[in-house]
Amino acid sequence: MTKDLFDITDRVVLITGGLGQLGCQFTRALLDRGAKVAVLDVRADEAMLDSSFEDAVDDGRLLVVATDVTERKSIEEALVEVNARLGVPYGLINNAALDAPPDALAEENGPLETYPSQSWDTVMAVNVKGVFQACQVVGGQMADSGRGSIINVSSIYGLVAPDQRLYEYRQTEGKPFFKPVSYATSKSALFNLTRYLATYWAGRGVRANTVTFGGVFNNQDQRFLEHYSARVPLGRMAREEEYNGAIVFLLSEASSYMTGANLVVDGGWTAW
């Protein structure tokens, strides 16, 4: 029988920010393919999972651990629990991130000239330092075991500049919005962090890749949806489950010769 290149059965995968919109999708997709999943989230509580995850929790394939990725000790403690209950990780998905949506507080979405330095520090602590520390702790153990796959989740706004025209409709309401510089900068930092990890651990069996995702539909303002969709060759935002395939691919043997790369899944946004 031909081996399934996309088989990830029994592989232990950690997902930071695993209770978010995409995190839940990744968790469901991996469980469906037989993986064991540890959800690491600062808000973590099994009660926050919907009922569809109950069986996975009951049979020990899904673990939820309260983890603050900005604190190395918190990640270390989470890893101890993962080791005890699931085993040594094969995969790490660095999905936890802070963003400022269009309905964020005014000081979070104002012009560059007055963007608060404290907000910059807060975003960088999660989006860059948090990823770095998770890679240090979890990736280090993966390297000791001689195998593993790290996936750092980036954004089109890390690859190209935010299109501030998408938010101009808010000016008619007296509520100007600018996609913050911290988000774009933090997401672009992941590309070279990934390349560094890929070359640093190449000889120890650990691969590291970045995924660059476009916007995901989440009942946004209709005016935003229209403006965004007009910028995408496929003419729409992504459905939340449409990124699962990229995640499964990078955790499986189908991508065994792929490291230090950036996999772009954006509906064609960056093709224009």
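Refer to the preceding data block for the structure.
Summarised in this report is the structure supplied together with it. (Residues numbered from 1 in each chain as written. Predicted model: local features only at pLDDT ≥ 70, side-chain atom pairs only at ≥ 80, totals over all residues. Heavy atoms only, no water.)

Section: the overall build of the chain
Let me state the cut-off plainly: To qualify as a helix, a DSSP run of H or I must reach at least 4 residues; to qualify as a strand, a run of E must reach at least 2; elements of each kind are numbered from the N terminus. Restricting the calculation to C-alpha atoms gives the radius of gyration, and the globule rule supplies 2.2 Å times the number of residues raised to the power 0.38. Buried means the residue's accessible area, taken with a 1.4 Å probe over protein chains only, is under 20% of the maximum for its type, while exposed means over 50%, and partly exposed covers the values in between. The method behind every accessible area is Shrake-Rupley, applied with a 1.4 Å probe, and residues are considered shielded solely by the protein chains displayed. Under the convention used here, Asp and Glu are negative, Lys and Arg are positive, and both His and the chain ends fall outside the count. For this purpose, a charge sits on NZ of Lys, CZ of Arg, CG of Asp or CD of Glu.
Along the backbone of the chain there are eight helices and seven strands. Relative to its length of 272 residues, the chain is compact, with a C-alpha radius of gyration of 19 Å against a globular reference of 19 Å. Overall size of the chain, expressed as C-alpha extent along the three principal axes, is 60 × 40 × 40 Å. Per-residue burial over the chain gives 50% buried out of 272 residues. Summed over its atoms, the accessible surface of the chain is roughly 12800 Å², and 52% of this surface lies on carbon and sulfur atoms. Here the chain contributes 24 positive and 34 negative side-chain charges, whose respective centroids are spaced 6 Å apart.

Quick word on the sheet that holds strand β5 (residues 148-155)
Put simply, the test is: Pairing between two strands requires that DSSP report at least two bridges joining them. All axes here are fitted lines through C-alpha atoms, helices being fitted over the stretch that makes contact, and every angle between N-to-C directions spans 0 to 180 degrees. When checking whether two residues touch, look at their non-hydrogen atoms; a contact exists if any pair is within 4.5 Å.
The strand order across the open sheet built from seven strands is β3-β2-β1-β4-β5-β6-β7, with neighbouring strands paired in parallel fashion. Across the chains shown, the open sheet's two edge strands, defined by having one partner strand only, are β3 (62-66) and β7 (262-265). The average undirected angle you get between the axes of adjacent strands in this sheet is 20°. Across three bridges, the pairing between strand β1 (residues 12-16) and strand β4 (residues 91-94) is parallel. Following the sheet pairing, L14 is matched in β4 by L92. The sheet strands contacting helix α3 (residues 72-85) are β1, β2 (36-41) and β3, and the helix crosses β3 at an angle near 160°.

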